Amino acid sequence: MTDLHTEALTLAGRDAYQALSVRRWIVLLVLVLGVCIALVGDLSTGPASYGLGEIVRTLVLPAEADAQMRVIVWSIRMPSALMGVVVGVALAIGGAQMQTILNNPLASPFTLGISAGASFGAALALAFGVALVPMAGDYIVAANAFVVAMATAFLIHLASLRRGASIQVIVLLGIALVFSFNTALAILQYFAAEQAVAAIVFWTMGSLTKATWPKLAITAIVVGLTLPVFLHRRWQLTALRLGEARAASFGIPVRRLRLETLILVSLLTAIPVAFVGTIGFIGLVGPHIARMMVGEDQRFLLPASALTGALIMSLSSILAKIAVPGAVLPIGIVTSAIGLPVFLYLILRSGREIW
Amino acid sequence: MVVLSTHGLGARFGSRQVLRDVTLPPCYGGEVVAVIGPNAAGKSTLFRRLAAILPGAGECRLEGVRDADRAIAYMPQDQTASAVLTVFESILLARKQVSGWRLERSDLVAVEQALAALDMGDLANEILSELSGGQRQLVGFAQCLVREPQVLLLDEPTSALDMHRQLEAMRQVRSLAHDDGMLVLIALHHLDLALKFADKVALLSDGTLHDFGTAAGVLTPENLAATFRIRARVELCSQGKPHLIVDDAI
């Protein structure tokens, strides 16, 4: 009798697991649909008012559209809208993995100072033409941002390896890094020329209007190269959330996995920030919303984070264009305005556990 | 049959030597070996050395292994986790570290069997972070079982379990060894459990192997006084079963 009872209960467990998986696939499909709709919406909004039909016609039959329309849709709105999606994907995946490897719910490129580091690196180039990477050429700003962002990520990694480094210590270190870079940035701005200051301020606000097809291609390639690696390691990365001891007990080389993931995450977050400037909270909020919807199995969490990040970015891009008539707000302002309340909610939701 | 032996195992944390020259005599598949000792005796460190997740001196030899990747399953003492995963998922996760890339039906069946073996099917859909300490220990145990190892290293798997669950878990451990031919090394604080269920006992003290042998041979008043600092003795009850009688702390 007991055996039959147990059998029935465990079968219910398998059934429930499979039902859960189906539900998660449906969530992913809905998110894909949402991103597609938001993307079309993003393409349809802008200072030049065109109807949805005209936009779709230009997208499907570009040769039949008039030249101005073609340029606006294909050379201005399309790279910007797609960049929004790709940056959203990159930042959200980067945030999700940063939270995973640091076992820290508040980890994200923005809260841990990686974005601030990128801003400082970019400002070095914008204010004084300092190139941290020789021969960077036209990409001097992006290259500088990338180098400082990577260095910041490694600093955080080193701190997280220290014995007894708690979640609070890492978050505090992140806050300290944000303040340090902001102070350094203020010093740079104080000594920089007026024109350079304006460029720095605009850069730090984050804007998709800087998007071009080549920048989009580079960002997409980085996402395209890193995402399969994460997906391939999905079981190992999920196991990290059980804690270092248990992950190690499964035979996972925890330190190596952390380090390799951090390198990829740094790449994934530094590249978009280098191209479009500081875009806050996507890397924090995207994964959290995804986690609430699909849990922490990386087979679902990764795509759900990516799609949530893309969706938030696309919706923010639309909002940035329609919030103030006749002007396009820097998207970083919009994402921060949306993300900050969510961030506060995450902190205040529970006294002890924030996952 | 799997055979595990060690020669001169050692480990240090910084300048502190926490395990010194531990040479275990051969332990065979089909045996339950209880590893006992007072706090900070080096039990967890020994397990981590045996599981090859902690570097250090000496050598651990394993013979008669079918598949090196899944030969040993180790359950660490710390079972806290804040992951948003169901019990079913977290056991499946342990299984996927040693099985193929794709999720197969056999993986799901193996999880079911592990849950059934520990009579914890009713916990399958519970969220891991919302479980009690004892329930988490059962999940940790199931995570080991689902990997179908030849050697099981359990670091204090019963410390948070109630008496009924402790006895059930120990019965399961003994069955895994005696019926399935597994070698089980289990760190225990309850010396009575070691006395009742272990075929052999390794007594650690201050990072060294103090004694090794049968439970009755190791749990002598002299050994207990020297390592645990207690006045205790083993006596047979009216049913002829051995019990540990503790008189006082020294």
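Residues numbered from 1 in each chain as written. Chains lettered and ligands numbered in written order. Predicted model: local features only at pLDDT ≥ 70, side-chain atom pairs only at ≥ 80, totals over all residues. Heavy atoms only, no water.

Regarding the overall build of chain A
Here is step 1: When its secondary structure is counted, chain A shows 14 helices and 0 strands.
Here is step 2: Taken from N to C terminus, the helices and strands of chain A fall in the order α-α-α-α-α-α-α-α-α-α-α-α-α-α.
Here is step 3: Relative to its length of 355 residues, chain A is compact, with a C-alpha radius of gyration of 22 Å against a globular reference of 20 Å.
Here is step 4: For the C-alpha atoms alone, the extent of chain A along its principal axes is close to 75 × 50 × 35 Å.
Here is step 5: Taking all 355 residues of chain A together, the buried fraction comes to 54%.
Here is step 6: A separation threshold of at least 6 residues defines the contact pool for chain A, and within that pool the share at least 24 residues apart is 73%.
Here is step 7: Surface accessibility of chain A: about 15300 Å² in total, with carbon and sulfur atoms responsible for 71%.
Here is step 8: Across chain A, 22 positive and 14 negative side-chain charges occur, with their mean positions spaced 7 Å apart. (Helix = DSSP H or I, 4+ residues; strand = E, 2+ residues; numbered from the N terminus. Rg over C-alpha atoms; globule rule 2.2 N^0.38 Å. Buried < 20%, exposed > 50% of the residue type's maximum accessible area, 1.4 Å probe, protein only. Contact = heavy atoms within 4.5 Å. Areas by Shrake-Rupley, 256 points an atom, 1.4 Å probe, with all protein chains shown as cover. Lys, Arg positive; Asp, Glu negative; His and termini not counted. Charge placed at Lys NZ, Arg CZ, Asp CG, Glu CD.)

Side note on the interface of chain B and chain A
Frequently, the measure chosen for interface size is the accessible area that the parts lose on association.
Here is step 1: Taken together, the contact pairs 39 residues of chain B with 35 residues of chain A.
Here is step 2: Carbon and sulfur atoms supply 61% of the area buried between chain B and chain A, which totals about 3100 Å² over both sides.
Here is step 3: Per-residue buried area on chain B facing chain A is highest for Q97, W101 and E112 of chain B; these three make up 20% of the total on that side.
Here is step 4: Measuring nitrogen to oxygen at the nearest pair gives 2.6 Å for the salt bridge that ties E89 of chain B to R24 of chain A.
Here is step 5: The tally of links between chain B and chain A comes to 8 residue pairs in polar contact (both at pLDDT 80 or more).
Here is step 6: Secondary-structure elements contributing two or more residues to the side of chain B that touches chain A are α2 (87-96), α3 (105-117) and α4 (133-145) of chain B.
Here is step 7: Ranked by residues supplied to the side of chain B that touches chain A, first place goes to α2 of chain B with 7 residues. (Buried area = accessible area lost by both parts, 1.4 Å probe. Salt bridge = Lys/Arg side-chain N within 4 Å of Asp/Glu carboxyl O. Polar contact = N/O pair within 3.5 Å; in protein donor to acceptor, adjacent residues only side chain to side chain.)

Some details on the sheet that holds strand β1 (residues 3-7) of chain B
All names here are of chain B.
Here is step 1: With antiparallel pairing, the 3 strands of this open sheet are ordered in space as β4-β1-β6. What marks the edges here is a single partner per strand, and that holds for β4 (27-28) and β6 (59-63).
Here is step 2: Two strands pair when backbone bridges link them, and β1 and β4 are joined in this way by 2 bridges, in the antiparallel orientation. The residue of β4 that forms the bridge with L4 is C27. (Pairing = 2+ DSSP bridges.)

Digging into the nonpolar core
Residue and element names in this part refer to chain B.
Here is step 1: One finds I36, I91, M120, F141, L152, L154 and I186 to be the most contacted residues of the largest nonpolar core, which totals 165 residues.
Here is step 2: The residues touching M120, leaving out its near neighbours within four places in the chain, are V87, L115, L138, V139 and A142.
Here is step 3: Counting residues in hydrophobic clusters, the runner-up holds 26 residues, among them L9, L19, L183 and A202. (Core = buried A, V, L, I, M, F, W, Y, C linked by side-chain atoms within 4.5 Å.)

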